[in-house]
Amino acid sequence: MSGKPQLHFQALLIANEQRNAYGMRYNDYERYRKHCYNRTHRLRSSLKMTYGRGREFKKLPPINLETVKEGHLQLLLFEAERAWAHAQEMHQESLKLSSNAKSSKGNAADASEKQASSLRKHATRRMRRSIHWATQLLSHCQALYAQSRLSAEDLTQVTTYTLILNGRFLRQRYEFEDALVQLSVARNLLDSLADTAATSRAQALAVAFADEIGPEIRHCAHELRRDKAYDVDAVVADVAPKHRNALVQDCDAILARLKEESGATSHDRGKLKDLLWEDEPVPVRNPELVDVLLKVQEAEERLIGVDKHDEDDTGKKAGKGARSKRGGVASYDAILLALSEAEDVARKLAEAQKLSGATAAAGTRDIHFVHAYIVYQLLSRRVQRDLLLTSALLHQLHAAQKTHASSRKVQVDARLYPAIVKLLDSVLQSLEQMRTLAIVDESPDLAAAVDARLSFTKARRCYYLAWCYAPLKKYAETLALTQHASIHLRECRSMLAPTIETDPINDGEPTFYPLALADLDKLEEELTLDSTSFKNDWFAYNGGSLDAESSKTHKKPLFFDIALNYINLDMDRLQERAGKVPEKVNVPIAAPVPQAAEKKTQTSRAKVEEIERTATPEPSAQARGGLSSLLGGWWGRS
């Protein structure tokens, strides 16, 4: 190997990053073309390769391989990207004008068609210019590879890039046979790059470009009337080996060197573990998504390490349970942050695919599936964190109950139960959002498991919310909540019991919400005991009345004194039975009235009648009872 500096230039990686960052994710060719123009201008200024100042044109000398730098290779790449983006932009404009020409008539249609033809010719010239820059870049890279200054992987990427540009240009010119050959060889090289990739990011990069040119290969095969044109892999396996060495100089030797380099640099760092959903792999075909998923993987490994450490500490020192749980809660911050970032990247990729109009083949898992999978993992970790926080708070309550074993009612912080209810609200929100995911809805067992945990969480929430009302002497609300908790618990049992042996959450990884029938029995027992206790407290407080002020004032019984208006009571007999003999009243007998007295006025007769009538004895307050007390307070007489 010569003493000249080694260069590291990955054309596909640079092109992918720049396209995604500057508009190509949404097919904004104009924005990307302007970015390439600015980038080439900065590169020329830094490399001192400008064409002069003002109107003075200065022809540039050819690039010297002895002093070539990575910036020179980037300059050629961005010139090719700029010309390609310009060609695509004008091609889109020509399609719009052709569409307008069909809908117009007369001179307007002729003018639109003429302008569209002019734009197509200009786009063809710009595409040829792009291929010129890419071919020049490939020749420099081949020379550097011959001098052992460039790796086989870098040369393969530049070769693939050039083949893709050639194949697309030939397909636009309706030369489908040559285009199929170019694109099939490019796909074959991309498969080799994916198989020998040292990192998952490099593998996803090759897979992303292979997916991009797959529909173009299918279109060429269809136009050539090939059998099974829909099977891109079969078409590539048939075409690429026949023409690979003819299009790529020393292709077999380069691929052999590529395998040697990958074997020498193989390591586990940067490798993403297989993601599985229902025992099938989850495809990750975007390099930027691989980066964030690697962060998630590292955070999960740290979390597993923390959990093992906490288990060891708990076994040695059982008194530090709450402290270890608080430490475990803090360890969830990193994984939740990484999953949030992964969800954001996946959502943007899904939106871009939706706007571009691209659709995945039937039965395949596309970026929308990957986004739903990441959201499920994020929600499951969030539920796991909230449940751990809840158990840490309940540890304080259980510790207090152990010191007062004779009674379930202990003095705790007034903020304890509201904090638990708030955490359970967060768990409910996460589970409800999880239930709406497509991957959950498509799995009946998983949907039933999530519904069961929703009902169980609602039951727990009602139970602890009842304890929030109990100290305030609001026993009616407390008992209503315990009844709601019992209803939710029955719903949970009906959904969980048939599938408890094959519950996908209990058997899954991670087991973020383990639930067994014993947990339901324990909560049901607590509900029964506490409900009885609340009823006893309520009757001791005000006799079970809904009005809190009823215990402070005396109220007459219903129908207390209405009976006297409709029923003739023998008050003497009632007083005798009550042990109170009424006093006999001696009424004087009036003397015989002479005949002259008949002439008295009506007023005097009324007075005599009042004197002669025996007074009705009034019942005493103590003797009231029976029917008179029963028919009391409708009319409110006292």
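Residues numbered from 1 in each chain as written. Predicted model: local features only at pLDDT ≥ 70, side-chain atom pairs only at ≥ 80, totals over all residues. Heavy atoms only, no water.

- The name an unreviewed UniProt entry assigns to the protein chain is Signal recognition particle subunit SRP68, from the organism Lentinus tigrinus ALCF2SS1-6.
- Checking UniProt for the protein chain, the heading Function (unreviewed entry) contains the comment "Component of the signal recognition particle (SRP) complex, a ribonucleoprotein complex that mediates the cotranslational targeting of secretory and membrane proteins to the endoplasmic reticulum (ER). The SRP complex interacts with the signal sequence in nascent secretory and membrane proteins and directs them to the membrane of the ER."
- Reading the Sequence similarities (unreviewed entry) entry of the UniProt record for the protein chain gives the comment "Belongs to the SRP68 family." (UniProt positions renumbered as here; feature names shortened; annotations may be inferred.)

### So, the environment of Leu 523
Step number 1: Topologically, Leu 523 is positioned in helix 19 (residues 517-542).
Step number 2: When the C-alpha positions of Leu 523 and Arg 460 are compared, they lie 7.8 Å apart, and in sequence the two are 63 residues distant.
Step number 3: The residues touching Leu 523, leaving out its near neighbours within four places in the chain, are Phe 456, Ala 459, Arg 460, Tyr 463 and Leu 489. (Helix = DSSP H or I, 4+ residues; strand = E, 2+ residues; numbered from the N terminus. Contact = heavy atoms within 4.5 Å.)

### Structural notes on the packing of aromatic side chains
Step number 1: Scanning the entire structure with this criterion turns up 11 aromatic pairs.
Step number 2: Seen in terms of ring centroids, Tyr 475 and Tyr 541 are 6.1 Å apart; in terms of plane orientation they differ by 55°. Their pairing is tilted. Within this pair, whereas Tyr 475 is found in helix 17 (residues 475-496), its partner Tyr 541 is found in helix 19, the two being separated by 66 residues in sequence.
Step number 3: Site record: aromatic cluster; members linked through ring pairs are Tyr 417, Tyr 463, Tyr 464, Trp 467 and Phe 534.
Step number 4: Over the aromatic face of Trp 84 sits the side chain of Arg 19, whose NZ or CZ is 4.4 Å from the ring centroid. (Phe/Tyr/Trp six-rings, centres within 6.5 Å; stacked < 30°, edge-to-face > 60°. Lys NZ or Arg CZ within 6 Å of the ring centre and 35° of its normal.)

### Focus: the pattern of salt bridges
Step number 1: In the structure shown here, the tally under the stated rule is 37 salt bridges.
Step number 2: For Arg 19, the salt bridge is made with Glu 81, and the minimal N-O distance between the two is 2.9 Å. You can see Arg 19 sitting in helix 1 (residues 11-21) and its partner Glu 81 sitting in helix 3 (residues 70-103), a full 62 residues away along the chain. For the pair formed by Arg 19 and Glu 81, the shared burial category is buried. (Salt bridge = Lys/Arg side-chain N within 4 Å of Asp/Glu carboxyl O. Buried < 20%, exposed > 50% of the residue type's maximum accessible area, 1.4 Å probe, protein only.)

### Some words on a nonpolar patch on the surface
Step number 1: Taken together, Tyr 566, Ile 567, Leu 569 and Leu 574 make up a surface patch of nonpolar side chains, about 390 Å² in accessible area.
Step number 2: Residue classification places Tyr 566 among the exposed positions, given a relative accessible area of 66%. (Patch = residues over 30% accessible without salt bridge, like charges linked within 9 Å, V, L, I, M, F, W, Y side chains within 5 Å. Areas by Shrake-Rupley, 256 points an atom, 1.4 Å probe, with all protein chains shown as cover.)

### What about empty space enclosed by the protein?
In this approach, a probe sized like a water molecule rolls over the atoms, and the result shows the empty space that is left.
Step number 1: Using the criterion set out here, one finds 3 cavities of 30 Å³ or more in the structure.
Step number 2: Roughly 60 Å³ of volume is contained in the largest cavity.
Step number 3: Leu 12, Glu 153, Gln 157, Leu 193, Ala 202, Leu 205 and Ala 206 together form the lining of the largest cavity.
Step number 4: Counting only elements with at least two residues in the lining of the largest cavity, the list comes to helix 5 (152-172) and helix 7 (200-223).
Step number 5: The element contributing the most residues to the lining of the largest cavity is helix 7, with 3 residues.
Step number 6: Looking at the lining of the largest cavity residue by residue, the class counts come to 5 nonpolar, 1 polar and 1 charged. (1 Å grid on protein atoms, 1.4 Å probe; cavity = no way out; pocket = protein on both sides within 12 Å on 5 of 7 lines; lining within 4 Å. Points joined across faces, edges and corners; volume = space filled by probe spheres on them. Nonpolar A, V, L, I, M, F, W, Y, C, P; charged D, E, K, R; others polar.)

### Section: unusual backbone geometry
Step number 1: Not every positive phi belongs to a glycine, and Asn 27 is a case in point at roughly 60°.
Step number 2: Among the structural elements, Asn 27 can be located in the loop between helix 1 and helix 2 (29-47).
Step number 3: For Asn 27, a relative accessible area of 34% translates into the label partly exposed.
Step number 4: A positive phi angle, near 60°, is found at Ser 148, a position not held by glycine.
Step number 5: As for its placement among the helices and strands, Ser 148 is situated in the loop between helix 4 (107-146) and helix 5.

### Focus on the packing of helix 17 against helix 19
Step number 1: At a minimum axis distance of 10 Å, the contact between helix 17 and helix 19 shows a crossing angle of 165°. Viewed along their axes, helix 17 and helix 19 adopt a mutual orientation that is roughly antiparallel. In this structure, helix 17 meets helix 19 at a crossing whose hand is left-handed. Only Leu 517, Leu 520, Asp 521, Leu 523, Glu 524, Leu 527, Ser 531, Phe 534, Lys 535, Asp 537, Trp 538 and Tyr 541 of helix 19 make contact with helix 17, whose side of the interface consists of Tyr 475, Ala 476, Thr 478, Leu 479, Thr 482, Ala 485, Ser 486, Leu 489, Cys 492, Arg 493 and Leu 496.
Step number 2: When the residues that make up the contact of helix 17 with helix 19 are grouped by side-chain class, the tally is 14 nonpolar, 4 polar and 5 charged. (Axes fitted to C-alpha atoms, helices over the stretch in contact; angles between N-to-C directions. Parallel < 35°, antiparallel > 145°, perpendicular 65-115°, else oblique. Left-handed = near helix turned anticlockwise from the far one by under 90°.)

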